[in-house]
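As a plain string of letters, each chain reads:
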Amino acid sequence: MTLVAGVDSSTQSCKVVVRDAETGALVREGRAAHPAGTEVDPAAWWDALQEAFRAAGGVDDVAAVSVAAQQHGMVCLDASGEVVRPALLWNDTRSAGAAADLVEELGGREKWAQAVGNVPVASLTVTKLRWLARNEPANAARTEAVCLPHDWLTWRLAGSSSLEALTTDRSDVSGTGYWSPSTEDYRPELLELAFGKVPVLPSVLGPAELVAGRFGVGAGDNASAALGVQARPGDVVVSVGTSGTAFARAVAPVADGSGTVNGFADAEGGFLPLVCTLNASRVLDATAALLGVSLDELSRLALSAPAGADGLVLVPYLEGERTPNKPDSTGAVHGLRLDTATPAHLARAAVEGLLCSLADAIDALRALGTPVERVLLIGGGAQSAAVRSIAPAVFGCPVLLPATSEYVADGAARQAAWAVSGAEEPPHWSELTSELFEADPTPWVREQYAAARELTVSR
C-alpha cells in the first residue's frame, strides 16, 4: 500500500491525514493547536506541524506530503531566510486603509480585477505589504522574500535555506494581489506600487509537481477543500469555518470589478471563483458564550424559535467584514423587543444571520454565471444541527452535507497521491457519503436581513 499525507495548516490548528494513495482510505490522523490572534510567528505553525505529524504516527513511511494552508498570510524573510516579523494573517484588517489607497492609485476596482482577478481588501497579501512599507519601514527594508503560509511550510519541509528554492501553487498565489490567474504570471509592477520594490517570490509550480522529490506543491485551503470533496462543475461548496466561503470550479478566469467575487485559480489547473466572509463559525461561538450555553444547546434554542425569529435580525460582522467590504464595521442586532428578547430568538437570529451572509455569497456567484446545481455544506460550523436544518430554507435549495472529514487535509493528500501517480488527473477516490437536507424556502428571512444589513455602517 502506497501512503500519502495531507496537511491542513489552518488559522486555528494543524491537521494531518495519512491515506491510501489508491483508494483514499484513511489510515491515521493527528492534529495540534495554533495560537490565537491575527498575527502569528510562523515558528508556531512549524511546531504544530511536527506535533501533528507525531500524533499521526509520523510520516516516514509516506511517499509524499502535501500542505494546504490558510490563504493570504504575509510571511517576510530576510536575506538569510529568517522570518522578519510575525506573519499578518488573512483576518488582520489593519491594512484596510492601504487597500483603499491601492485601489485608487491603480485607477479603480475594475483595473485591479482585470489585472489580477481581485480587488484589494485588507485580507490580500498586497495590502499587507503596503501596510508594512508604511508602518514598519525597517522591517520592509530587511525583507528579501515574501511567501505564503503553505509556501513557507513546504520550504521548511524540503530542508532548503535558499530563497530561490521557495515554491507555491496557482491557487494560493492567486490570492496575493500580485499574480494574474488569466495570464499565469506575477505582476511585479503591482508589487512595486505596493511595496516599493520586488522581493524574491516563490516559483509557481503545476498542481501535480513534487518539491524535492517528496513534497506536493500544496494549495490554498479552499482550493484544497474542493479537491477533498471532489467537487464537480455545478457544485457550490459553502464552508462554515473561521471564515465563511462559497466557491465553485470554473473553466475560465473571473474578473469582478465590484470585488465581491474573487477570481482565484483552483488546484487542478482551472479556476475557483470564490466569495469570502470574515465571520462564520465564530459567530456561533460568540453567541453561545453570550448566552452561557454550549453549541449543542445553541442549536436547540435556535430550532425552538420560529423562522425569522419574529423579526429579530443579527448582522454578524463581529470582526469587521470582507464581503461586503466593511473592515471597520461591527455586529448589530435589529428588531429587539420585549417578545424577541429571549435566548431562543437570539440563537435563531445568529444562525440565520450567518446563513444569510453566505446566501448572499451564493447569489454573487450566480450573478456571474456560475451554475448552482448542488450546494455542499462543509466546515466546523456545518456540524451544528441548527445550521444544517436552517441552511436549505435560507439558501432556497436542498443542501448536501458530506460525511464529516478533514476536507482540506484530504484534498492535500489527494494532491500528493496525484503527484506520486504521475497521472494527468487527480485520482478518483470513493464517493463521499452525504446526507440531504431539505426545507421550505423562507425568503422573508433574507428580506429582513437585507434591510438590517444596509443599516450597518463602519465605525
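Further up the page is the structure itself.
This is a predicted model, so every value here is computed, not measured. (Residues numbered from 1 in each chain as written. Predicted model: local features only at pLDDT ≥ 70, side-chain atom pairs only at ≥ 80, totals over all residues. Heavy atoms only, no water.)

Colleague: Explain the packing of aromatic side chains here, please?
Modeller: We describe a pair of aromatic rings using the distance from one ring centre to the other and the angle between the two ring planes. The tally for this structure, following the rule as stated, stands at one aromatic pair. Between tyrosine 178 and tyrosine 186 the ring centres are 6.4 Å apart and the planes differ by 25°, which places this aromatic pair in the stacked class. Positioned above the aromatic ring of tryptophan 131 is the side chain of arginine 94, whose terminal nitrogen or guanidinium carbon lies 5.0 Å from the ring centre. In this structure, arginine 156 packs its charged tip against the face of tryptophan 46, placed 4.2 Å from the ring centre. (Phe/Tyr/Trp six-rings, centres within 6.5 Å; stacked < 30°, edge-to-face > 60°. Lys NZ or Arg CZ within 6 Å of the ring centre and 35° of its normal.)

Colleague: Explain the pattern of salt bridges to me, please; I cannot follow it from the model alone.
Modeller: Two side chains of opposite charge can pair, provided their charged atoms sit close to one another. Applying the stated criterion across every chain, the model contains 26 salt bridges. For arginine 337, the salt bridge identified is with aspartate 339, shortest N-O distance 3.0 Å. Assessed through its relative accessible area of 42%, aspartate 339 is described here as partly exposed. Its salt-bridge partner being glutamate 454, residue arginine 453 comes within 2.9 Å of it at the nearest N-O pair. Judged by relative accessible area, which is 54%, glutamate 454 ranks as exposed. Connected through shared salt-bridge partners, Asp360, Asp363, Arg366, Arg446, Arg453 and Glu454 make up one network. (Salt bridge = Lys/Arg side-chain N within 4 Å of Asp/Glu carboxyl O. Buried < 20%, exposed > 50% of the residue type's maximum accessible area, 1.4 Å probe, protein only.)

Colleague: I would appreciate a short explanation of helix 3 (residues 109-116) in the present structure.
Modeller: Count 3.6 residues to each turn of an α-helix, and residues three or four apart come out pointing the same way. Within helix 3, burial applies to Trp112, Ala113, Ala115 and Val116. Axial view of helix 3: buried residues confined to an arc of 165°, hence all on one face. Residues of helix 3 that are exposed and point over 90 degrees away from its buried face: Lys111 and Gln114. Buried-residue contacts for helix 3 involve helix 2 (96-106), strand 10 (179-180), helix 8 (188-195) and strand 18 (262-265). Glycine 117 sits one or two positions beyond helix 3 and adopts a positive phi of about 80°. (Helix = DSSP H or I, 4+ residues; strand = E, 2+ residues; numbered from the N terminus. Arc of directions from axis to C-beta. Contact = heavy atoms within 4.5 Å.)

Colleague: How should the side chain of aspartate 8 be read in this particular structure?
Modeller: With respect to the helices and strands, aspartate 8 occurs in strand 1 (residues 3-9). If sequence neighbours within four positions are ignored, aspartate 8 has contacts with Ser13, Cys14, Lys15, Ala68, Val408 and Ala409.

Colleague: Quick question: what am I supposed to make of the pairing of strand 17 (residues 244-247) here?
Modeller: Along any regular strand, the residues point their side chains to alternate faces of the sheet. By the alternation rule, side chains of strand 17 split into Gly244 and Ala246 and Thr245 and Phe247, which are all buried. Taken together, the four bridges between strand 16 (residues 235-240) and strand 17 define a ladder with antiparallel strand orientation. From the neighbouring strand, serine 239 faces strand 17, where its bridge partner is threonine 245. In this antiparallel pair of consecutive strands, strand 16 and strand 17, the connection spans three residues. With four bridges connecting them, strand 17 and strand 19 (residues 271-277) associate as antiparallel partners. Bridging across to strand 19, threonine 245 finds its partner in cysteine 276. (Pairing = 2+ DSSP bridges.)

Colleague: Would you mind showing me how to read the sheet that holds strand 23 (residues 399-402) here?
Modeller: Remark on secondary structure: sheet strands pair via backbone hydrogen bonds, oriented parallel or antiparallel. Spatial strand order, 18-19-17-16-22-23-24: seven strands in an open sheet with mixed pairing. Unpaired on one side and paired on the other, strand 18 and strand 24 (434-437) mark the two borders of the sheet. Between one strand and the next, the sheet's axes are offset by a mean angle of 30°, whatever the strand orientation. Across two bridges, strand 22 (residues 374-378) lies against strand 23 in parallel orientation. Within strand 23, the residue paired with valine 375 across the bridge is valine 399. Where helix 12 (residues 343-367) meets the sheet, it contacts strand 16, strand 17, strand 19 and strand 22, and its direction lies at approximately 150° from that of strand 19. (Axes fitted to C-alpha atoms, helices over the stretch in contact; angles between N-to-C directions.)

Colleague: Looking at this structure, how should I read the pairing of strand 5 (residues 64-69)?
Modeller: Counting buried positions over the six residues of strand 5 gives six, a clear majority of the element. The alternating pattern of strand 5 places Ala64, Ser66 and Ala68 and Val65, Val67 and Ala69 on opposite faces, both of which are buried. Both strand 1 and strand 5 contribute to a ladder of six bridges, which runs parallel. When the sheet's bridge partners are listed, serine 9 is paired in strand 5 with alanine 69. Where strand 5 meets strand 15 (residues 219-220), two bridges bridge the pair, whose relative direction is parallel. Residue pairing across strands places alanine 69 opposite glycine 220, the latter belonging to strand 15.

Colleague: In this structure, what is going on with the packing of helix 4 (residues 125-135) against helix 8? I would like to understand it.
Modeller: It is at 8 Å that the axes of helix 4 and helix 8 come closest, and there the two elements cross at 35°. Contact with helix 4, carried on its side by Val126, Leu129, Arg130, Leu132 and Ala133, involves Leu190, Leu191, Leu193, Ala194 and Phe195 of helix 8 and no other residues of that element.

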